[in-house]
Amino acid sequence: MDIPGPWQRTARGALLLDDAGELATTIFAEMSALAAATGAINLGQGFPDEDGPSEVLEAARRAIADGVNQYPPGPGLPALREAVAEHQLRFYGIPLDAAQVLVTAGATEALTATILALVDHGDEVVVLEPFYDSYAAAVALAGGVLRTVPLRWPGFRPDHDELRAAVTDRTRLILINTPHNPTGTMLDRTTLELVIDLAHEHDAVIVTDEVYEHLAFDAPHIPIASLPGGFERTVTISSGGKTFNTTGWKIGWLSGPLDLVRAITAVKQYLTYVNGAPFQPAIAVGLRLPDAFFTGAADALRAKRDLLSASLREAGFAVSTPQGGYFVVADAAPFGVTDAADFARRLPELAGVVGVPLTAFVLPEHREGYRSLIRFAYCKRPEVLQEAAGRLAGLARA
């Protein structure tokens, strides 16, 4: 097992263990608990504090009243699978049959089921680092080997030579996330085309995490499955939580070639099996909302990005402007910070605000380039961000 750091392989699978061998609390849970204990504004966890569109919420209420409260079909309700297929064609020109769509318990289950289904012991999985923490867990559970390609401050763009070097004939999956959590970067067409070329050259499968697909600010999101040579090797994963402010519903999905979807379904049926029956038709309603909803959601979040980014700069941080998603990365080096985790734990006392150290998203031996970087979430109400701005201003005066 070549995944270093806290991910340890045990007879029961891969668990996140602390130095004493005990099950560790994640930094996200720790920071949220710290926010609750101190009254700090929680900009650590990526969930919105506003409800989603009324049409979607009302559709869920209606489904519950209409008795959609028992187990749905294993692959998901036809209404949602058909809506996902329509969505892919409408926004990206990707033709799909509903049979090529699998509904999951959020994107995290889709990712886990995909990795467990497609990765054998010793297979390599290439990811961009920093990475969403569940990637390493799922690879460890599958007995795979994690290989990373660094995204470096401040632009967080992958070096194409490093990407070429990371993908070899041992690579089973190339896992990309765009718009990217935690950095907010978006992969350009040239990079996506390189990923497709490498997948064909080395007979690898592409897995793409696109949960922030409709929250792109400066350029349209490009699904890799929409590019020539991409679809036949790509499992596309998304969810309704980020787009419709329904993160607690945990309604996700994946789509792709039928043989890959069937292989993943064989694993997924032994995870949650099914979930969220009344929420599935509600998300289907959301996917069919007019274009104005999707552009409006991105515009509103862009304004929040700009508000928090400006506040961080005024407080003395250096800031990398995100191109999409929920998060902005700020460099605390101007404050003399060399340990982002320690600074994040002190920030509630210093400024009454909580963020998450970017070192939580990288392997321990790769932390050197990220030791002063903090991730903040801007998916909050404007008045909350204004209050956070006022508190952060105290850092500049200190």
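Residues numbered from 1 in each chain as written. Predicted model: local features only at pLDDT ≥ 70, side-chain atom pairs only at ≥ 80, totals over all residues. Heavy atoms only, no water.

J.: It is not clear to me how the UniProt feature "domain: Aminotransferase class I/classII large" (unreviewed entry) in the protein should be interpreted in this structure. Could you clarify?
T.: Mapped onto this structure's residue numbering, the UniProt feature "domain: Aminotransferase class I/classII large" (unreviewed entry) falls at residues 40-392. Annotation note: span residues 40-392, helix share 39%, strand share 17%, distance between end C-alpha atoms 11 Å. (UniProt positions renumbered as here; feature names shortened; annotations may be inferred. Helix = DSSP H or I, 4+ residues; strand = E, 2+ residues; numbered from the N terminus.)

J.: Sorry if this is basic, but what is going on with the packing of aromatic side chains here?
T.: The relative placement of two aromatic rings is captured by the distance of their centres and the angle of their planes. In the structure shown here, the tally under the stated rule is 17 aromatic pairs. Plain terms: the ring middles of Y326 and F327 are 6.1 Å apart, the flat faces sit at 70° to each other, and that makes the pair edge-to-face. For the pair shown, Y326 and F327 are each scored as buried. Within the aromatic cluster, the residues linked to one another by ring pairs are F91, Y92, F244, F293 and F294. Across the ring face of F327, the terminal group of R375 is positioned such that the distance to the ring centre comes to 3.6 Å. The lysine or arginine in question, K380, covers the ring of F47, its NZ or CZ lying 3.8 Å from the ring centre. (Phe/Tyr/Trp six-rings, centres within 6.5 Å; stacked < 30°, edge-to-face > 60°. Buried < 20%, exposed > 50% of the residue type's maximum accessible area, 1.4 Å probe, protein only. Lys NZ or Arg CZ within 6 Å of the ring centre and 35° of its normal.)

J.: I keep staring at the nonpolar core and nothing clicks. Help me out?
T.: Nonpolar side chains in soluble globular proteins generally cluster together in the buried interior. Judged by nonpolar contacts, the single largest core of 97 residues is most densely connected at L308, L312, F317, F376 and L392. When residues no more than four places from it in sequence are discounted, the contact partners of L312 are F317, V319, V328, A330, F376 and L392. In terms of nonpolar packing, the next biggest core, distinct from the first, is built from 24 residues, L80, V84, I94 and L96 among them. (Core = buried A, V, L, I, M, F, W, Y, C linked by side-chain atoms within 4.5 Å. Contact = heavy atoms within 4.5 Å.)

J.: Sorry if this is basic, but what is going on with the pattern of salt bridges here?
T.: Opposite charge on two side chains permits them to pair, given that their charged atoms come into close proximity. Inspection of every chain in the model, using the stated rule, returns 20 salt bridges. Put simply, E30 and R345 hold a salt bridge, and the shortest N to O gap is 2.6 Å. Of the two residues, E30 is situated in helix α1 (residues 27-38) and R345 in helix α11 (residues 340-351); the sequence distance between them amounts to 315 residues. Exposure remark for R345: the relative accessible area of 39% places this residue in the partly exposed category. Among the salt bridges present, the one from R305 reaches D218, with a minimum N-O distance of 3.3 Å. A residue pair is termed long-range when its members are at least 10 positions apart, and R305 in helix α10 (residues 291-315) and D218 in the loop between β8 (205-209) and β9 (234-239) qualify at 87 residues. Given a relative accessible area of 6%, R305 falls into the buried group. (Salt bridge = Lys/Arg side-chain N within 4 Å of Asp/Glu carboxyl O.)

J.: I would appreciate a short explanation of the side chain of S309 in the present structure.
T.: Of note, S309 is situated in helix α10. Here R305 takes part through its backbone oxygen, which lies 2.8 Å from a polar atom of the side chain of S309. Ignoring sequence-local partners within four residues, the contact set of S309 consists of V319, P322 and V328. (Polar contact = N/O pair within 3.5 Å; in protein donor to acceptor, adjacent residues only side chain to side chain.)

J.: I would appreciate a short explanation of the pairing of β9 in the present structure.
T.: If a strand is regular, its side chains alternate between the two faces of the sheet. Of all the six residues making up β9, six are buried; the element is thus mostly covered by neighbouring parts of the structure. Because side chains alternate across β9, one face comprises the buried residues T234, T236 and S238, and the other comprises V235, I237 and S239, equally buried. For β8 and β9, the ladder comprises four bridges, and the chain directions are parallel. Residue pairing for β9: V207 is matched across the bridge by V235. Where β9 lies against strand β10 (residues 251-255), four bridges are found, and the strand directions are antiparallel. Considered in β10, the bridge of I237 is made with L254. (Pairing = 2+ DSSP bridges.)

J.: How should the confidence of the model for the protein be read in this particular structure?
T.: Detailed reading of the predicted coordinates is not advisable wherever pLDDT falls low. Put simply, the protein has an average pLDDT of 93, and 93% of its residues get 70 or more. Below a pLDDT of 50 lies the segment residues 1-15, which in the model reaches 41 contacts outside its immediate sequence neighbourhood of four places, other chains included. (pLDDT = per-residue confidence, 0-100.)

J.: What is the right way to look at the sheet that holds strand β4 (residues 101-105) in this model?
T.: Note: strands within a sheet are paired through backbone hydrogen bonds, in either parallel or antiparallel orientation. Spatially, seven strands are ordered β4-β10-β9-β8-β7-β5-β6 in an open sheet, and the strand pairing comes out mixed. The open sheet has two edge strands with one neighbour each: β4 and β6 (145-150). On average, each strand axis in the sheet is inclined to that of its neighbour by 25°, with strand direction left out of account. Running over the sheet, helix α4 (residues 106-118) touches β4, β7 (171-177), β8, β9 and β10 and is turned about 160° from β9. Helix-sheet contacts for helix α8 (residues 258-268) involve β4, β8, β9 and β10, and the interaxial angle to β4 is about 30°. (Axes fitted to C-alpha atoms, helices over the stretch in contact; angles between N-to-C directions.)

J.: How do you make sense of unusual backbone geometry when you look at a structure like this?
T.: Both trends apply: most residues other than glycine have a negative phi, and most peptide bonds are in trans. At the junction of W153 and P154, the peptide bond is cis and its omega measures out at 5° in the coordinates. Within the secondary structure, P154 is located in the loop between β6 and α6 (160-166). Going from T178 to P179, the amide bond is cis rather than trans, its omega being -10°. Here P179 shows up in the loop between β7 and α7 (189-202). Backbone geometry at F156 places phi at a positive 55°, although glycine is not the residue there. If you check the backbone angles, Y273 has positive phi at about 70° while not being a glycine.

J.: In this structure, what is going on with the environment of C379? I would like to understand it.
T.: Examined against the element boundaries, C379 turns out to sit in the loop between β15 (373-377) and α12 (382-397). The exposure class of C379 is buried, given its relative accessible area of 2%. Between the C-alpha atom of C379 and that of Y135, which follows or precedes it by 244 residues, the distance is 23 Å. Non-local contacts of C379, meaning those with residues more than four positions away in its chain, are made with G46, F47, P48, D49, L301 and Y326.

J.: What's the story with the pairing of β15 in this structure? I'm lost.
T.: Burial analysis of β15 places five of its five residues in the buried class, which makes it a mostly covered element. On β15, burial covers both faces: L373, R375 and A377 on one face and I374 and F376 on the other are all buried. Pairing analysis gives five bridges linking strand β12 (residues 327-331) to β15, with the strands arranged antiparallel. Bridge pairing links A330 to I374 in β15.

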